[in-house]
Amino acid sequence: MSSPTDWSALTTLPAKVAAYADEIYFRETWDELSELVDRVPDLLNGAVTVLFKPDAVVGRRIATCLDFLAEHGFRPVAARTLDFTRHMTREIWRFQGNAATLDRFRVIDALMSATPCLLVVFRNGGSSSNPPATVRLRNLKGNGYRGKKQPNGLRRVASSPLPMLSLIHSPDEPIDMIRELGIVLDVDARRELLTSVAATWDGDATEVVRALADGLHAAHPAVTLDPDAAREAVLGALRDSAEDDLTRSAQLVKALETGADPDLTWPELVGALNDLPVPVPRWDLIMVASMVLRMNLPGVAPHIPSDGSSEWVRR
């Protein structure tokens, strides 16, 4: 299976076909899927990967997400933990990263390296579906923006605290799922996961997922992900150290009081907080950075700006 014979089953976006067709991550995984697709014909349409991020781990949101997904017909069939690297982040969002600031990736690096992640493959409703499982979940999870989440979306139900702390990542279309498996797993790990998917396609791996989540919880203490409390805690510490208006602490106080500061950078923020006599907890730093740093470059469109979901609806 050297290349797809019907790209329309994988994506609605010609830009993704052009970008992924020759890319090694997609090609490797597509080649390895050939035998599995023969055994599980509805795999590409019926499966979706969900990456539970470190904020879901320390925030103890995995169980809530699993319950939500079960209520909407998604059943886990395979899972494993993995350590997320800066290279994975940059490759997954390669075609959107051109529109992001460097600070966005610095915050993501701090977040994604905080704990291991939990990667779960779900089956959609036990049968093939239209639209694909990836697209259906994309529409169910909602976005991560405060005040803009869908009322009954996964991120609203699971109390995603900030856009950057979105709890989960899932691919937008089947073509993205194939490519991302090639990015986050090496050959042996990928084959092991795909073998588990085939073996459990008609079963249920919920208890396996819960056991892996319990292991992560045992290794990583719970954190209250409260952006407002983090902001007030950092503000209090900074005010105590700001003896005059010329200190970095005083400048950062103003930024936190007024909202996002387009001129503030991650190195400046970290430098100011490192000057404090009491260390700022990692998750407070991540939440404060998410609120005050510029995340997107103004006027710059991603190389592939659409997720393809609206095109699937029109089919």
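Within each chain, residues carry numbers counting from 1 in the order of the written sequence. Two thresholds apply to this predicted model, a pLDDT of at least 70 for residue-level local features and 80 or more for giving and counting side-chain atom pairs, whereas whole-chain, interface and lining totals are computed over all residues. To obtain the side-chain values, all non-hydrogen atoms of the structure were used and water was disregarded.

Q: Where do I start with the overall build of the chain in this structure?
A: We count a stretch as a helix when DSSP gives it H or I for four or more residues in a row; a strand needs E for two or more, and each element gets its number in order from the N terminus. Helices and strands together make up the secondary structure of the chain, namely 17 helices and four strands. Here the chain has a C-alpha radius of gyration of 21 Å; the compact-globule value for 315 residues is 20 Å, and the two agree. Taken along its principal axes, the extent of the C-alpha atoms in the chain is 70 × 40 × 35 Å. Here the chain holds 315 residues, and 51% of them are scored as buried. Pairs of residues are marked as contacts when any of their non-hydrogen atoms sit within 4.5 Å. Of the contacts made within the chain by residues no fewer than 6 positions apart, 81% connect residues no fewer than 24 positions apart. Atoms counted for the radius of gyration: C-alpha only. Globule rule: 2.2 Å times the number of residues to the power 0.38. A simple rule labels every residue: compare its accessible area, found with a 1.4 Å probe on the protein chains alone, to the largest value its type can have, and call it buried under 20%, exposed over 50%, or partly exposed in between.

Q: Would you mind showing me how to read the packing of aromatic side chains here?
A: By convention here, two paired aromatic rings are described through the distance between centres and the angle between planes. Aromatic rings from Phe, Tyr and Trp, with only the six-membered ring used for Trp, were paired whenever their centres fell within 6.5 Å, and each pair was classed as stacked if the ring planes differed by under 30 degrees, edge-to-face if by over 60, and tilted otherwise. This structure, assessed with the given rule, holds three aromatic pairs. Relative to F26, the ring of W7 has its centre 5.6 Å away and its plane inclined at 25°; by these criteria the two rings are stacked. Remark: F26 occurs in helix α2 (residues 24-39) and W7 occurs in the segment before α1 (14-20); sequence separation between them is 19 residues. The buried category is assigned to F26, whose relative accessible area is 2%. Relative to F95, the ring of Y20 lies with its centre 5.7 Å away and its plane at 45°, an arrangement referred to as tilted. Residue Y20 is located in helix α1, and its partner F95 is located in the loop between α6 (86-92) and α7 (102-112); the two are separated by 75 residues in the primary sequence. No difference in accessibility class separates Y20 from F95, as the two residues are buried. Joined through ring pairs, the aromatic side chains of W7, F26 and W30 make up one cluster.

Q: Honestly, unusual backbone geometry in this entry has me stumped. Any pointers?
A: Negative phi characterises most residues that are not glycine, and trans characterises most peptide bonds. You will see that S159, though not glycine, has its phi angle at about 60°, which is positive. Note on placement: S159 falls in the loop between α9 (154-157) and β4 (168-169). S159 gets classed as partly exposed once you look at its relative accessible area, which sits at 41%. The phi torsion at L167 lies on the positive side, around 75°, for a residue other than glycine. Looking at the secondary structure, you find L167 in the loop between α9 and β4. By relative accessible area, which is 0% here, L167 ends up buried.

Q: Honestly, the pairing of strand β1 (residues 47-52) in this entry has me stumped. Any pointers?
A: Remark: a regular strand shows side chains that alternate across the two faces of the sheet. Summarising burial for β1: six of the six residues are buried, a large majority. Two strands qualify as a pair provided DSSP detects at least 2 bridges between them. Judged from the two bridges that link them, β1 and β4 form a sheet pairing that is antiparallel. Paired with L51 across the strands is H169, a residue of β4.

Q: Explain the packing of α2 against helix α11 (residues 187-200) here, please?
A: Axes are the key here: two packed helices are described by the angle between their axes and the distance separating the axes. Look at α2 against α11: their axes get within 11 Å of each other, and the N-to-C directions meet at 20°. The orientation of α2 with respect to α11, classified from their angle, is roughly parallel. Helix-helix and strand crossings are classified by hand; for α2 and α11 the assignment is right-handed. Here E28, T29, E32, L33, L36 and R39 of α2 come into contact with α11, specifically with V187, R190, L194 and A198. To define axes, lines are fitted to C-alpha atoms, for helices over the stretch in contact only, and angles between the resulting N-to-C directions are given on a 0 to 180 degree scale. When describing relative orientation, an angle under 35 degrees is termed roughly parallel and one over 145 degrees roughly antiparallel, while 65 to 115 degrees is termed roughly perpendicular and anything else oblique. Left-handed describes a crossing in which the near helix is turned anticlockwise from the far one by less than a right angle; the clockwise case is right-handed.

Q: What should I look at first to understand the side chain of T49 in this one?
A: Considering the arrangement of structural elements, one finds T49 in strand β1. Accessibility expressed as a relative area gives 5% for T49, which makes it buried. Filtering out sequence-adjacent residues up to four positions away, T49 remains in contact with L119, V120, V121, H169, S170, P171, M177 and L181.

Q: Looking at this model, I keep getting lost on the environment of T81. Mind explaining?
A: Mapped onto the elements of the fold, T81 is located in strand β2 (residues 74-82). Here the alpha-carbon distance between T81 and L51, two residues 30 residues apart in the chain, equals 9.3 Å.

Q: Please clarify how the sheet that holds strand β3 (residues 117-124) should be interpreted in this entry.
A: In a beta sheet, neighbouring strands are held together by backbone hydrogen bonds and run either parallel or antiparallel to one another. Ordered in space as β2-β3-β1-β4, the four strands form an open sheet in which the pairing is antiparallel. Two strands in the sheet have a free side with no partner beyond their single neighbour: β2 and β4. Lying over the sheet, helix α5 (residues 62-71) contacts β1, β2, β3 and β4, oriented at roughly 160° with respect to β1. Sheet contacts for helix α8 (residues 133-141): β1, β2, β3 and β4; angle to β1, the most-contacted strand, approximately 45°.

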